[in-house]
Every structure is written in structure tokens, then in C-alpha cells.
Amino acid sequence: MLALTLEDFMVELNDGSIKNVGPKNKSATVKLFDVESAEGREFGDKRVKLVFEDDDENEIQVSLFPEQVRDLADDIERLEEESPAFE
């Protein structure tokens with residue numbers, strides 16, 4: 001299941017073109033639940049792309065720098081040691 005929340009979001013649709021309307025203070029939150037597949041792969045010369053997909057073929061891609069991936073791996077390792085989620 002993909003959940004998408006858009007804040008202060010307004011666009012103009014005119015002859016098939018989308019145009020920003022109003023100030024550029026828009027933000028979005030995307031959540032993907034019930035992930036069926038997850039993978040990491042190279043993205044360019046200096047990034048790693050994490051790709052998550054659910055049963056309905058909703059997909060989220062996130063590109064991170066190597067130090068961010070290492071921090072994430074540390075967080076997961078800590079969760080493995082401390083969280084009941086890994087029991």
C-alpha cells in the first residue's frame with residue numbers, strides 16, 4: 001500500500017501541462033507498506049540507490065551517499081540487537 005501526503009500543494013493543469021501555482025513551500029511524505037522486495041544498487045559514481053516495491057508494483061527509490069548507507073546499516077544492526085522486531 002502506498003500512502004502519499006502532500007502539503008500546501010497546488011498546481012495548474014493547462015492543455016496537459018502541469019505548472020506550479022503559489023509559493024514553493026510544498027512538501028510530501030510517502031510511505032510504502034507491505035514491501036515485497038527491497039534491493040540496493042549503485043547509482044552514479046558516488047551514491048547507492050535503495051529500491052522498495054510492494055505487491056501492487058508501487059515503487060519507491062531513494063538515493064543515498066555511502067556515509068548515509070553506513071549510518072542506516074548501523075541503525076539496523078542496533079535494532080537487531082535491541083528490538084523485539086528481530087526476535
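Provided above is the structure to which this section pertains.
As the structure is a prediction and not an experimental result, all values here were calculated from the model.

Participant: Would you mind going over the pairing of strand 7 (residues 59-64) with me for this structure?
Facilitator: Across 6 bridges, the pairing between strand 6 (residues 47-54) and strand 7 is antiparallel. Among the inter-strand pairings, Lys 49 is bridged to a residue of strand 7, identified as Ser 63. Counted between consecutive antiparallel strands, the loop separating strand 6 from strand 7 contains 4 residues, among which Glu 57 sits at a positive phi close to 65°.

Participant: Teacher, can you tell me more about the side chain of Ser 83 here?
Facilitator: In this structure, Ser 83 sits in the segment after helix 1 (66-82). Take Ser 83: its relative accessible area is 17%, and that puts it in the buried class.

Participant: Looking at this structure, how should I read the environment of Val 62?
Facilitator: Here Val 62 lies in strand 7. Leaving out residues up to four positions away in the same chain, Val 62 has contacts with Val 48, Lys 49 and Leu 50.

Calculation criteria
- Residues numbered from 1 in each chain as written.
- Predicted model: local features only at pLDDT ≥ 70, side-chain atom pairs only at ≥ 80, totals over all residues.
- Heavy atoms only, no water.
- Pairing = 2+ DSSP bridges.
- Helix = DSSP H or I, 4+ residues; strand = E, 2+ residues; numbered from the N terminus.
- Buried < 20%, exposed > 50% of the residue type's maximum accessible area, 1.4 Å probe, protein only.
- Contact = heavy atoms within 4.5 Å.

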